[in-house]
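# Remarks on the overall topology
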Amino acid sequence: MRVATWNVNSLRSRLERVIEWLQTSGTDVCALQETKVADDKFPVMAFEAAGYEVAFHGLNQWNGVAIASRVGLADVSVGFPGVPGFGDPTAAEARALGATCGGVRLWSLYVPNGRSVDDPHYAYKLEWLRALRAAATDELAAHPDRPLALVGDWNIAPTDDDVWDPAVFVGSTHVTEPERAALRAFTDDGFTDVVLPRTGPGVFSYWDYQQLAFPKKRGMRIDLVLGNDAFASRVTDARVDREQRKPKGSTTGQGPSDHAPVVVDLDV
DNA sequence: ATGACCATGTCGCATGGA
């Protein structure tokens, strides 16, 4: 089974590219983030026409997560128990979606950005990660032998190897010790980064749109696949498809997301 | 050249992204 995660930065503006990539890449299950589409506008038909079932969670034009699968899609869960909201008054955000596909449990996650360390969004990010950890460990305890992966845009570079120049990021979100500690806590609970051992360090998944960051290889590794033992032990390969960060052609409307898909092959 | 931000809602510009 081929599983992927991709922050598409608007599904509707890139729908043809996403559907075409699902098919040509041979992806069986794909978690999507930043779909930027409310549920009543989700392009269900395009996925079904391509042979994929799809579950989605979008409240407005921000955030939004989905899971597309051609190997079954069951037990869909929206958010997770205890997921915090943001703002005053507190509002729910569409950042987590779970589903079981071909015997594999996946959570499609769009971790809050944090914006800056002195912004309320940063405290929200850490609280969101605490709540996610509690929910994930509960699910892990309930189904210890079922393959489970927490996949998506974690908005955290795990180490300094995961940014193109650590000096540029001093004082920024994504690299602070509290964020990295929150990520490492998942490792303590039994979740493993299954991609890094297959790619080696320095293989990024995100490049800013500005200042030619992609051709200059100025990226970050923030899109992660963390699997439990049952998931990690079945991984046979993993890669980042950098081709999808490139423009598709000379015509307009075919631009890339600022993230590339992360792909994992499983022996299931 | 992979090439000098992009997406949303809404129609000029605010907001979010990292």
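What this report covers is the structure whose coordinates are included nearby.

Analysis parameters
Residues numbered from 1 in each chain as written. Chains lettered and ligands numbered in written order. Predicted model: local features only at pLDDT ≥ 70, side-chain atom pairs only at ≥ 80, totals over all residues. Heavy atoms only, no water. Near = heavy atom within 4 Å. Polar contact = N/O pair within 3.5 Å; in protein donor to acceptor, adjacent residues only side chain to side chain. Core = buried A, V, L, I, M, F, W, Y, C linked by side-chain atoms within 4.5 Å. Buried < 20%, exposed > 50% of the residue type's maximum accessible area, 1.4 Å probe, protein only. Helix = DSSP H or I, 4+ residues; strand = E, 2+ residues; numbered from the N terminus. Contact = heavy atoms within 4.5 Å. 1 Å grid on protein atoms, 1.4 Å probe; cavity = no way out; pocket = protein on both sides within 12 Å on 5 of 7 lines; lining within 4 Å. Points joined across faces, edges and corners; volume = space filled by probe spheres on them. Nonpolar A, V, L, I, M, F, W, Y, C, P; charged D, E, K, R; others polar. Phe/Tyr/Trp six-rings, centres within 6.5 Å; stacked < 30°, edge-to-face > 60°. Salt bridge = Lys/Arg side-chain N within 4 Å of Asp/Glu carboxyl O.

## Thoughts on the protein's contact with DNA strand B
Contacts to DNA strand B come from 31 residues, most closely from Arg115, His174, Gln211, Phe214 and Pro247. Each atom of DNA strand B within 4 Å of the protein was classed as base or backbone; sugar and phosphate made up 71%. Asparagine 113 has a polar side-chain atom sitting 3.5 Å from a sugar or linking oxygen of DNA strand B. Contact between DNA strand B and histidine 259: a phosphate oxygen at 3.1 Å from a side-chain N or O atom of the residue.

## Here we look at the nonpolar core
Side chains that are nonpolar tend, in soluble globular proteins, to be buried together. Grouped together as the largest cluster of nonpolar side chains are 31 residues, with contacts concentrated most on Leu106, Val225, Phe231 and Val264. Those elements that provide at least two residues to this core are β2 (29–33), β4 (65–69), β6 (96–101), β7 (104–110), β8 (148–153), β13 (235–240) and β14 (262–266). The contacts of leucine 106, once residues within four sequence positions are left out, are Val3, Val29, Ile67, Leu97, Gly98, Ala99, Ala149, Val151 and Phe231. In this structure, Ala96, Ala131, Leu132 and Leu224 belong to the second largest nonpolar core, which totals 24 residues.

## Here we look at the layout of surface pockets
Considered as a void within the structure, the largest pocket measures approximately 680 Å³ in volume. Class assignment of the residues belonging to the lining of the largest pocket gives a composition of eight nonpolar, eleven polar and nine charged. A volume near 170 Å³ is recorded for the second largest pocket. Pro158, Leu183, Arg184, Thr187 and Asp193 are, among the 13 residues lining the second largest pocket, the residues nearest its centre. Mapped by element, the contributors of at least two residues to the lining of the second largest pocket are α4 (177–188), β9 (192–193) and β12 (223–227). The greatest single-element share of the lining of the second largest pocket, amounting to four residues, is contributed by α4. When the residues that make up the lining of the second largest pocket are grouped by side-chain class, the tally is six nonpolar, three polar and four charged.

## Side note on the packing of aromatic side chains
Counting across every chain of the model gives nine aromatic pairs. With centroids separated by 5.2 Å and ring planes inclined at 65°, the aromatic side chains of tryptophan 6 and tryptophan 21 adopt a geometry described as edge-to-face. You can see tryptophan 6 sitting in strand β1 (residues 2–7) and its partner tryptophan 21 sitting in helix α1 (residues 15–24), a full 15 residues away along the chain. With a relative accessible area of 0%, tryptophan 6 lands in the buried category. Note on phenylalanine 80 and tryptophan 107: the rings are 6.3 Å apart at their centroids and 0° apart in plane angle, and the pair reads as stacked. You can see phenylalanine 80 sitting in the loop between β5 (74–78) and β6 and its partner tryptophan 107 sitting in strand β7, a full 27 residues away along the chain. What makes tryptophan 107 buried here is its relative accessible area of 5%.

## Structural notes on the pattern of salt bridges
As a working rule, side chains carrying opposite charge can pair if their charged atoms are close by. Enumeration over the complete set of coordinates arrives at 17 salt bridges. Across the salt bridge formed by glutamate 139 and arginine 146, the nearest N and O atoms sit 3.7 Å from each other. Of the charged contacts, one joins aspartate 162 and arginine 221 as a salt bridge, the two residues approaching to 2.7 Å between their closest N and O atoms. With aspartate 162 in the loop between β8 and α4 and arginine 221 in the loop between β11 (219–220) and β12, this residue pair connects regions lying 59 residues apart in the sequence. By relative accessible area, which is 2% here, aspartate 162 ends up buried.

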